[in-house]
Protein chains: 2
Amino acid sequence: MAQGVQGRVTLKDVAARVGISPAAVSMALSGRSRISAATVEQVKAAAAELGYVPSSAAKALRNQRSGVIAVIVPNSTQHVFGHSYFMQVLTGVSSAANERDLQVLVSTSASEASGLTAYERVMRSRTADGAIVTSSAIGDPNIERLTAGGLAVVLIGNYPELPGTTSVGIDDVAASRMVTEHLIEVHGKRSLLHVTGPLDHQTAVDRREGFLDAVRAHGLLAASDVVEGDFSERAGYDALDGRRLGADGFDGVVFANDDMAFGGLQLLRRTGLSVPGDVAVVGFDDFGLSRITDPGITTVHVPAEQMARLAAERLIPRIEDPTAAPTRDDLEVSLVLRESCGCAREDVVLLRN
Amino acid sequence: MAQGVQGRVTLKDVAARVGISPAAVSMALSGRSRISAATVEQVKAAAAELGYVPSSAAKALRNQRSGVIAVIVPNSTQHVFGHSYFMQVLTGVSSAANERDLQVLVSTSASEASGLTAYERVMRSRTADGAIVTSSAIGDPNIERLTAGGLAVVLIGNYPELPGTTSVGIDDVAASRMVTEHLIEVHGKRSLLHVTGPLDHQTAVDRREGFLDAVRAHGLLAASDVVEGDFSERAGYDALDGRRLGADGFDGVVFANDDMAFGGLQLLRRTGLSVPGDVAVVGFDDFGLSRITDPGITTVHVPAEQMARLAAERLIPRIEDPTAAPTRDDLEVSLVLRESCGCAREDVVLLRN
DNA sequence: ATTAACTGCTTAATCGTTCAAGCGACGGGA
DNA sequence: TCCCGTCGCTTGAACGATTAAGCAGTTAAT
């Protein structure tokens, strides 16, 4: 097998080898037409021998389908969401794509050169047949432009303002309520602080709402407070800096993600407060960090990889028919109990391997 | 701008709008031919108005160049190297690619279906013009098949057995010697254990060699030992399990990466040994984890993102001429001092933001 | 005045694949 | 014997872009 350095092997070469027309070779390989079994055999042998691999460009041009799906990360979120999240998304999309012989393109949408965003170019040039868009801000006009153009797009996250789009996510409100209630009901916390994400992201809004639901339901609204963060470690640190914490202040902090919780943990350690003794802490996401810290952070496990895989599975039929009725999937989350809330440390469990 | 749901806008449409031939439109947009300034203006206006974006498939077919570079992760390493490493690679490659209007394809090379690996298909089908291959095992035949086929490939890592290939990496031997000597010279450790990575990876072999160089140079070979790991957290844990550690055993452990060091830290904590008091620990990589743990792990910072960026920059000219003389780049590493070796904790520095 | 050179476009070929339509040859039915 | 159907392939067009070659028309040079 294998061809030398220079010429690519095309259908023509295989055809010449067998002594038939290129079209016949195409038919023999696709099996979509009436070709004798003997010829099919010969063609397959010749193709293998010459190392024939069809040109993806020619295929794409002819079929009007590239076999590529794009994973789009709006630049605004490049550092907002951590590396782990994105890797999980990539892993999920890749595994679904591989099963269907699709390639995965990563578009980090850098500059908005020439009026079109990088990912609008990717779509309109048909470099990709469809796209999975992660975590863009509320009201990002680019998403609507993509879907309005009839392109196959699936969003990861919640986009209540875009009812016509297909998306996959979790119920952030319920999850945030759940973790907040854990602090209240199981650990008896009475004065809670919530550190939000950037409030131009629906995720941050929803997690705040879940927090407020919980404190209201338990009559703790007056003793609680909310401060805006941006999902960064520093924001978590700064949010607690200078606050009354512990016995005569907040006895529990609900962070909208684990990065901020880790930042908060650092401030608490520096000020000499014990976690969970003086202040209980919970986070959100469970993308890796929360298991590593000391104490480990009690958090809500967000199944990012599964979300991404499902997003890819929802996307693929939409490539055939982008006008199909939109769907919405909510995945289950789970509470992961570690030490930062006051739950006992389970025996060390190695999760990685 | 923008076109409706259905038809893509092609050169023909722009041509019809302006009243000239498609060829003239192509020339006007590329600026590579003699076209009057007035016509160029009209063409640009029409193209913008219609929302014309050239078909990447047609372009690729005609130019014999797809404008895509592939980042290849051999499946054997999917879980060996952590998520962070791969993300840094992706970020580095993407930023270099974006500057040149290239797209980035991620190939995780799942199954070896039909005799060709997934990434050999990607290359031979010209889905990608070139590839960046990360961390494959020693003697992986696929790499040689790719480069021998005259395809543009740049490797990240060290491949002494493949002298004809272009690669970007670090000097693992020197780096490992450096961190080992830190334990010996600065902290006075006298009995060292080294936990290697999988020895079918050159990185693991080189780091072991650097360790051995250092202990030999200081006459500590007899008091030292080497045990094979696989870069996983569990391997680090298991490597220390049941060993004589502390006063009457090893007083320092050099792990070939941070994940294993973290595993080791967990065993040490469980056995009640203090780090660095009883046993000093160092790791390797600094991909994120080592900053989070408690104590923080003293480690060698590997500039993964820079390596990847440079790899992309080396790759791009090779796409034009894959037979160009191969190059080798070694990037600088640095020692990152944290607490696990016995160095004082610097004031908390928030590195993320 | 004649030729040469240049300008600004058009024509046509090409990249490699797919697929509808066509076309001999052969077999079966009437 | 004639006709029709089927088989197994070939022909040719198309996907959308690029580019070499060509060709009127104008300008410059001799």
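Reading the values: the criteria
- Residues numbered from 1 in each chain as written.
- Chains lettered and ligands numbered in written order.
- Predicted model: local features only at pLDDT ≥ 70, side-chain atom pairs only at ≥ 80, totals over all residues.
- Heavy atoms only, no water.
- Buried < 20%, exposed > 50% of the residue type's maximum accessible area, 1.4 Å probe, protein only.
- Helix = DSSP H or I, 4+ residues; strand = E, 2+ residues; numbered from the N terminus.
- Pairing = 2+ DSSP bridges.
- Expected span 1.5 Å × (residues − 1).
- Polar contact = N/O pair within 3.5 Å; in protein donor to acceptor, adjacent residues only side chain to side chain.
- Near = heavy atom within 4 Å.
- Nonpolar A, V, L, I, M, F, W, Y, C, P; charged D, E, K, R; others polar.
- Axes fitted to C-alpha atoms, helices over the stretch in contact; angles between N-to-C directions.
- Contact = heavy atoms within 4.5 Å.

The name given to chain A in an unreviewed UniProt entry is LacI family DNA-binding transcriptional regulator, and the organism recorded there is Luteipulveratus flavus.

**Some words on the pairing of strand β6 (residues 192-196) of chain A**
Residues and elements named next belong to chain A. Among the five residues in β6, five count as buried, and that is most of the element. Neither face of β6 is exposed, since L192, H194 and T196 on one face and L193 and V195 on the opposite face are all buried. The pairing of β6 with strand β8 (residues 252-255) spans four bridges and is parallel. Within the sheet, the bridge partner assigned to L192 lies in β8 and is G252. Note that β6 and strand β7 (residues 225-228) share four bridges and pair parallel. In the sheet register, L193 faces β7, and the bridge partner there is D225.

**Remarks on helix α11 (residues 258-270) of chain A**
All names here are of chain A. For α11, with 13 residues, the first-to-last C-alpha span of 18 Å sits near the 18 Å given by 1.5 Å per residue. In terms of burial, α11 is a largely internal element, 11 of the 13 residues being buried. Regarding α11, its N-cap is N257, as a side-chain oxygen of that residue lies 3.0 Å from the backbone nitrogen of M260 further along. Following α11 by one or two positions, G272 has its phi on the positive side, about 80°.

**Description of the protein's contact with DNA strand C**
L11, Y52 and R62 of chain A together with S21 and R34 of chain B are the nearest of the 26 residues found near DNA strand C. Of everything in DNA strand C that lies within 4 Å of the protein, sugar and phosphate atoms constitute 56%. Between DNA strand C and the protein, one listed contact pairs a phosphate oxygen with a backbone N or O atom of L11 of chain A at 2.5 Å. Within the backbone of S55 of chain A, one N or O atom sits 3.2 Å away from a phosphate oxygen of DNA strand C. Elements represented by at least two residues in the surface near DNA strand C include exactly α2 (22-30) and α4 (56-63) of chain A together with α2 (22-30) and α4 (56-63) of chain B. The element that contributes the greatest number of residues to the surface near DNA strand C is α4 of chain A, accounting for four residues. For the surface near DNA strand C, the per-class residue count stands at 12 nonpolar, eight polar and six charged.

**Quick look at the sheet that holds strand β9 (residues 280-282) of chain B**
All names here are of chain B. Read from one edge to the other, the open sheet built from four strands follows the order β7-β6-β8-β9, with strand pairing classed as parallel. Since the sheet does not close on itself, it has two edges, and those belong to β7 (225-228) and β9, each with one partner. Taking the axes of each pair of neighbouring strands and ignoring which way they run, one obtains an average angle of 15° across the sheet. Of the strands in this sheet, β6 (192-196), β7 and β8 (252-255) are in contact with helix α9 (residues 202-217), which crosses β6 at around 170°.

**Let's talk about the environment of V122 of chain B**
As for its placement among the helices and strands, V122 of chain B is situated in helix α6 (residues 118-124). A relative accessible area of 2% places V122 of chain B in the buried class. Considering only alpha carbons, one finds V122 of chain B and A204 of chain B, 82 residues apart in sequence, at a separation of 29 Å. Once you skip the residues sitting within four places of it in the chain, V122 of chain B turns out to touch Q103 of chain A together with A70, L105, S107, T127 and A128 of chain B.

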